[in-house]
Amino acid sequence: MFKKICLAMAISASFLHAMDYERAKGWRELNELRLLVAATQGSLATVKYLIASGVNVNCVGTESAGAYVGASPLDCARKNGHTAVSAYLVGEGAGEVSE
């Protein structure tokens, strides 16, 4: 009986760890998408906030990012003529990511 309880606890702990990982991955991808959208729209305040919150300045849109697949925040800002956002991103260490 004790072995079954220990096994059940180990399985539960592994499951919870996997759920925490997926939740963290989901939040990371959501915040990266927010950064891509903010850069596209030229929202410097939002870009600053997200980067200060730890979002990767060189993130690249994944397949879940829809129209932003393969784009970096710098790509998005430059494509839409947002020079202030582009300058800030470069100052924060952003580099070219697209082809």
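Scroll up a little and you will see the structure.
Residues numbered from 1 in each chain as written. Predicted model: local features only at pLDDT ≥ 70, side-chain atom pairs only at ≥ 80, totals over all residues. Heavy atoms only, no water.

### Digging into helix H2 (residues 44-52)
For H2, the set of buried residues is Val47, Leu50 and Ile51. One face of H2 carries all of its buried residues, which in axial projection span an arc of 95°. For H2, the exposed residues set more than 90 degrees away from the buried face come down to Ala45, Tyr49 and Ala52. Once H2 finishes, glycine 54 follows within two positions and takes phi at roughly 105°, a positive value. (Buried < 20%, exposed > 50% of the residue type's maximum accessible area, 1.4 Å probe, protein only. Helix = DSSP H or I, 4+ residues; strand = E, 2+ residues; numbered from the N terminus. Arc of directions from axis to C-beta.)

### Some thoughts on the pattern of salt bridges
Under the defined criterion, the tally for this structure stands at 1 salt bridge. Of the charged contacts, one joins arginine 28 and glutamate 32 as a salt bridge, the two residues approaching to 3.4 Å between their closest N and O atoms. Placement of the pair is arginine 28 and glutamate 32 together in helix H1 (residues 2-41), with a separation of 4 residues, close to one helical turn. Looking at arginine 28, the relative accessible area reads 41%, which means it is partly exposed. For glutamate 32, a relative accessible area of 11% puts it in the buried group. (Salt bridge = Lys/Arg side-chain N within 4 Å of Asp/Glu carboxyl O.)

### Structural notes on the nonpolar core
In this structure, Leu35, Ala39, Val47, Ile51, Val85 and Leu89 are the most contacted members of the largest nonpolar core, which totals 17 residues. Looking at this core, the element that brings in the most residues is H1, giving 4 residues. Look past the residues within four positions of alanine 39 in its chain and what remains in contact with it is Val47, Pro73, Cys76, Ala77, His82, Val85 and Leu89. (Core = buried A, V, L, I, M, F, W, Y, C linked by side-chain atoms within 4.5 Å. Contact = heavy atoms within 4.5 Å.)

### Looking at the packing of H2 against helix H4 (residues 83-91)
One way to put it is that H2 packs onto H4 with a least axis distance of 10 Å and a crossing angle of 20°. With respect to their mutual orientation, H2 and H4 come out roughly parallel. Both H2 and H4 take part in a crossing whose hand is right-handed. Where H2 approaches H4, its residues Leu44, Val47, Lys48 and Ile51 are matched on the opposing element by Ala84, Val85, Tyr88 and Leu89. Taken together, the residues of the contact of H2 with H4 break down into 7 nonpolar, no polar and 1 charged. (Axes fitted to C-alpha atoms, helices over the stretch in contact; angles between N-to-C directions. Parallel < 35°, antiparallel > 145°, perpendicular 65-115°, else oblique. Left-handed = near helix turned anticlockwise from the far one by under 90°. Nonpolar A, V, L, I, M, F, W, Y, C, P; charged D, E, K, R; others polar.)

### Brief notes about the state of the cysteines
Applying the stated criterion across every chain, the model contains 0 disulfides. Cysteine cysteine 59 shares no disulfide, and the gap to the nearest cysteine sulfur, in cysteine 76, comes to 8.5 Å. (Disulfide = S-S within 2.5 Å.)

### What to know about H4
Along H4, the positions that sit buried rather than exposed are Val85, Ser86 and Leu89. On an axial view of H4, the arc spanned by its buried residues comes to 100°, and they lie on one face. Opposite the packed face of H4, turned more than 90 degrees from it, sit the exposed residues Thr83, Ala87 and Gly91. Positive phi shows up at glycine 93, right after H4, with a value of about 105°.

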